[in-house]
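# Fold and geometry: a report
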Amino acid sequence: MALFPGAKGADILAWRGVAEVVGEIRRRSAERISSLLAEESIGLLKGLRGRLEQEIAFEEGFSAELSQAVEALERASSADDFTLLPRFDRLAEEYFRKRGSVVALHNFCNSCRDGLVRLVLLRTEERLAEEGMGRAPAPYCWLASGSMGRGEQTFCVAPSALLIYGDAPDGAGFFEQLASRAVALMEKIGLVPNDGGATAMEWLWRGSRKQWRREVAGKTAQGGEGFSGLAGCADLRPIYGDPVLAEEMINVVRSMLDAQQGALRDMGKELAEMPTGLDFFSRLRLERRGRHRGEFDLEQYALAPLIANVRMLAFACGLRETNTIARIKGLQEQGRLSVELTDRLVRAYHDLTSLKVQRQLAAGCADGDGCFIDPQGLTADQEFRLRNGLEAVSGLEKIAYLSFTEQK
């Protein structure tokens, strides 16, 4: 398995930023060339060729620098050799500022961070073997959830993962060592927040196959927040380890959720009533107190309702995708969403996430789970896109509520 699959820009022409450049060149040529004389047309075409050459030069330079960074990491043999995450983040920031493409940013961050996780686990396995602990006594897998599971990572790390291993006598000790050393290394290179203390591994669930089955059953029995957390496991995506075990553990979640259709319908209706960013009078819901007074929580009132409702609809339709945009398109292909609403939702996801990334670049990651923006600081175009996105999310919630209400 390649440590960094897809990281060298093979799909770069499919990314939104490049597509818009090509579209702009086409529009300019179509609008102007029909009214020009022959010699004027030549001048226009030369200008367009120069613009295209500049764009190609940027893409080639970016791709070359990215390949160098990837190769440096793949040659790494110790923690000190692969502390290159700031280099990757700088490249991602440069590309986002140039192209503004959220899809490209996700592609880049996922390839980079997935590859780093694989590298950390591989090197940790090797070090344990060198110290006489041998190889893993049973198959194991590392599964990502949350934004990493959905393939929607940005500059701020929000780790959430599972380490599940096959049932084996005395296996727990080995895998506890593997987990603690891997997490320590991930902290060192910046893959997870370095909070220190007892909270260092709270984001990583770890246990055997049997323990995971008991965990899933327990969440089902709890109802409420426990069942809601289990529904969030529909985002699980394998990152490293045994693919057969990974598929089995993901299917445990899906099977348990399938068996709870009544609870799923209730949760679907509840999520479809999540408050979105516009109130009854079409005003933005702003914070009324605290240090974010007068600001808008983009995460709570825009992205969370969009992602959660798409997840629930996708699971109800049997879709296996974890990525939000892929889920939206899958729902449209099944006839659950109109082409028009699908286009609006894809645009909404891009525009809302773009605002989130711009906030991260300007103010860092101090907001924790929130993402607060000042409406007064938005341009007219940004405010227009924000409102359009919120209206699309409201439309999605209506579809979701009807869908779960009509189910029997």
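Everything that follows concerns the structure shown earlier in this document.
Residues numbered from 1 in each chain as written. Predicted model: local features only at pLDDT ≥ 70, side-chain atom pairs only at ≥ 80, totals over all residues. Heavy atoms only, no water.

## What about the sheet that holds strand 4 (residues 237-241)?
Taking strand neighbours across the sheet as the criterion, the four strands line up as 3-2-1-4 in an open arrangement whose pairing is mixed. Looking at the sheet topology across the chains shown, the edges are occupied by strand 3 (204-208) and strand 4. Direction aside, neighbouring strands of the sheet carry axes that sit 20° apart on average. Where strand 1 (residues 140-144) meets strand 4, four bridges bridge the pair, whose relative direction is antiparallel. Pairing of Leu 143 across the sheet is with Pro 238, part of strand 4. Across the sheet, helix 6 (residues 171-189) touches strand 1, strand 2 (161-165) and strand 3, and the angle it forms with strand 2 is around 155°. The strands touched by helix 7 (residues 209-222) are strand 2 and strand 3; relative to strand 3, the strand with the most contacts, the crossing angle is about 120°. (Pairing = 2+ DSSP bridges. Helix = DSSP H or I, 4+ residues; strand = E, 2+ residues; numbered from the N terminus. Axes fitted to C-alpha atoms, helices over the stretch in contact; angles between N-to-C directions. Contact = heavy atoms within 4.5 Å.)

## Observations regarding the pattern of salt bridges
Tallying each qualifying case throughout the model produces 25 salt bridges. Here Arg 113 and Asp 89 are joined by a salt bridge, their closest N and O atoms 3.0 Å apart. Of this pair, Arg 113 sits in helix 4 (residues 102-130) while Asp 89 is found in helix 3 (residues 85-99), placing the two residues 24 residues apart along the sequence. As far as burial versus exposure is concerned, Arg 113 and Asp 89 are alike and both buried. For Asp 114, the salt bridge goes to Arg 237, with nearest N and O atoms at 2.9 Å. Of this pair, Asp 114 sits in helix 4 while Arg 237 sits in strand 4, placing them 123 residues apart in sequence. (Salt bridge = Lys/Arg side-chain N within 4 Å of Asp/Glu carboxyl O. Buried < 20%, exposed > 50% of the residue type's maximum accessible area, 1.4 Å probe, protein only.)

## Quick word on the environment of Lys 219
Within the element layout of this structure, Lys 219 appears in helix 7. Lys 219 sits in the partly exposed class, given a relative accessible area of 22%. C-alpha of Lys 219 to C-alpha of Ala 231: the two residues are twelve residues apart in sequence and 9.6 Å apart in space. Those residues in contact with Lys 219, other than ones at most four positions away along the chain, are Gly 226, Phe 227 and Leu 230.

## What to know about the state of the cysteines
Under the criterion given, the structure shown has one disulfide. Each sulfur in the disulfide pair Cys 156 and Cys 365 lies 1.8 Å from the other. Measuring handedness by torsion sign, the sulfur bridge of Cys 156 and Cys 365 sits at about -90° and is left-handed. Of this pair, Cys 156 sits in the loop between helix 5 (146-149) and strand 2 while Cys 365 sits in the loop between helix 13 (339-363) and strand 6 (372-373), and the two are 209 residues apart along the sequence. Residue classification places Cys 365 among the partly exposed positions, given a relative accessible area of 45%. Free cysteine: Cys 109, not disulfide-bonded; nearest cysteine sulfur from Cys 112 at 7.0 Å. By relative accessible area, which is 0% here, Cys 109 ends up buried. (Disulfide = S-S within 2.5 Å.)

## Here we look at the packing of helix 7 against helix 8 (residues 224-232)
Relative orientation of the contacting elements helix 7 and helix 8 amounts to 130°, with a least axis distance of 6 Å. Classified by the angle their axes make, helix 7 and helix 8 are oblique. Considering only the axes of helix 7 and helix 8, their crossing is left-handed. In contact with Val 216, Lys 219, Thr 220 and Gln 222 of helix 7, helix 8 contributes Gly 224, Gly 226, Phe 227 and Leu 230. Residues that form the contact of helix 7 with helix 8 fall into these classes: three nonpolar, four polar and one charged. (Parallel < 35°, antiparallel > 145°, perpendicular 65-115°, else oblique. Left-handed = near helix turned anticlockwise from the far one by under 90°. Nonpolar A, V, L, I, M, F, W, Y, C, P; charged D, E, K, R; others polar.)

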